[in-house]
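Secondary and tertiary structure notes
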Amino acid sequence: MILVFLGPPGAGKGTQAKILEERFGYRQISTGDILRRHRTEKTPLGVEAQSYMDAGKLVPDDLVIRMVEGELAHAENVILDGFPRTIPQAEAFAALLARKGLKSVAVIFDVDPVVLVDRITGRWSNPRTGRVYHEKYNPPKVAGIDDEDGGPLVQRPDDAADVVIKRLQEYEEKTAPLIGYYETHTDFVHVNALGEIAEVTRAIIEKLPDVGPEIVSAP
Ligand code: AP5
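Residues numbered from 1 in each chain as written. Predicted model: local features only at pLDDT ≥ 70, side-chain atom pairs only at ≥ 80, totals over all residues. Heavy atoms only, no water.

1. Thoughts on the environment of aspartate 110
Structurally, the position occupied by aspartate 110 is in strand β4 (residues 104-110). On the basis of relative accessible area, aspartate 110 is assigned to the partly exposed category, the value being 32%. For the pair aspartate 110 and glycine 10, spaced 100 residues apart in sequence, the C-alpha separation works out to 11 Å. The residues contacting aspartate 110, other than those within four sequence positions of it, are His190, Val191, Asn192, Ala193 and Leu194. In terms of polar contacts, aspartate 110 uses its side chain to reach the side chain of histidine 190, at 2.9 Å. (Helix = DSSP H or I, 4+ residues; strand = E, 2+ residues; numbered from the N terminus. Buried < 20%, exposed > 50% of the residue type's maximum accessible area, 1.4 Å probe, protein only. Contact = heavy atoms within 4.5 Å. Polar contact = N/O pair within 3.5 Å; in protein donor to acceptor, adjacent residues only side chain to side chain.)

2. Notes on the sheet that holds β4
Strands in a sheet are paired, the pairing made by backbone hydrogen bonds, and the direction either parallel or antiparallel. Pairing is parallel across the open sheet formed by 5 strands, whose spatial order is β2-β3-β1-β4-β7. This sheet does not close on itself; its edge strands, each paired only once, are β2 (27-30) and β7 (187-192). The mean inter-strand angle of the sheet, taken between neighbouring strand axes irrespective of direction, is 25 degrees. For strand β1 (residues 2-6) and β4, the ladder comprises 5 bridges, and the chain directions are parallel. Looking at β4, one finds that leucine 3 is bridged to valine 105. Here helix α5 (residues 87-100) sits on the sheet in contact with β1, β3 (78-81) and β4, set at roughly 175 degrees to β1. (Pairing = 2+ DSSP bridges. Axes fitted to C-alpha atoms, helices over the stretch in contact; angles between N-to-C directions.)

3. Structural notes on the nonpolar core
Leu72, Leu80, Phe93 and Tyr182 are the most contacted members of the largest nonpolar core, which totals 29 residues. At the level of secondary structure, the elements contributing two or more residues to this core comprise β1, α2 (31-41), α3 (44-54), α4 (61-71), β3, α5, β4 and α8 (177-185). The biggest single contributor to this core is α4, with 5 residues. Ignoring sequence-local partners within four residues, the contact set of leucine 72 consists of Ile29, Val78, Leu80, Phe93, Leu96 and Lys100. With 24 residues, the next largest nonpolar core counts Leu3, Val164, Val191 and Ile204 among its residues. (Core = buried A, V, L, I, M, F, W, Y, C linked by side-chain atoms within 4.5 Å.)

4. Here we look at empty space enclosed by the protein
By the definition in use, this model includes 1 cavity of 30 Å³ or more. Surrounding the largest cavity, Ile65, Val68, Glu69, Leu72, Phe83, Ala92, Phe93 and Leu96 form its lining. Looking at the lining of the largest cavity residue by residue, the class counts come to 7 nonpolar, no polar and 1 charged. (1 Å grid on protein atoms, 1.4 Å probe; cavity = no way out; pocket = protein on both sides within 12 Å on 5 of 7 lines; lining within 4 Å. Points joined across faces, edges and corners; volume = space filled by probe spheres on them. Nonpolar A, V, L, I, M, F, W, Y, C, P; charged D, E, K, R; others polar.)

Structure below.
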């Protein structure tokens, strides 16, 4: 199955993608994480993307589409987290799936915008693995340290409140129209993403009967 997670910044897409990765063996493809790695390594793509990311804007479609095509060479059992994010990206993705004879299911995270800034500004993440925590809602055992690999947790520069507002505007303008696109063009489910993290996971699994056999049970 190819799952496309669609929702605003802070909706919980990355959190849920990591949980399904561990429990059901999916591979998370997070365009945000890939772009951040390019930025850290100062690759030509990372250097070009940096100014857009720091300003809370979307990176140009042609750069992102080329980057994702390589990632999707093996597109079985993947969760796309943060892609597609514009209609041109969705059309390029649909063409790629058609060439491979594959289909996707969109998982649309429904969330009240009032919770988003609080979720994002309290987020701490492991830049190496992309695992995310929240200082109130999902704290690590030791502040600033990843429970899994002991690596340091950092706050993303684009999680500063002024940049978050720009990201939410970009979402409304360029990404929210994809909800209508997916409701017309592909299989989709809506998930209530307002509850606690475990409740949202249960809602996703209930809505996706073909999610696959569980390899690791819920804690
Ligand atoms: P990206 O990294 O994709 O950021 P985003 O879409 O803005 O999403 P977030 O990572 O902020 O939120 P999330 O939904 O994953 O929430 P999370 O699970 O972390 O993109 C960053 C930038 O890269 C973009 O601005 C753009 O510049 C560029 N980019 C990326 N893809 C692109 C593309 N396709 N095209 C163009 N540009 C692109 O959760 C948030 C917090 O809430 C965490 O602290 C978590 O612990 C907590 N939390 C999660 N669920 C719950 C819950 N149910 N209850 C309480 N707290 C919760």
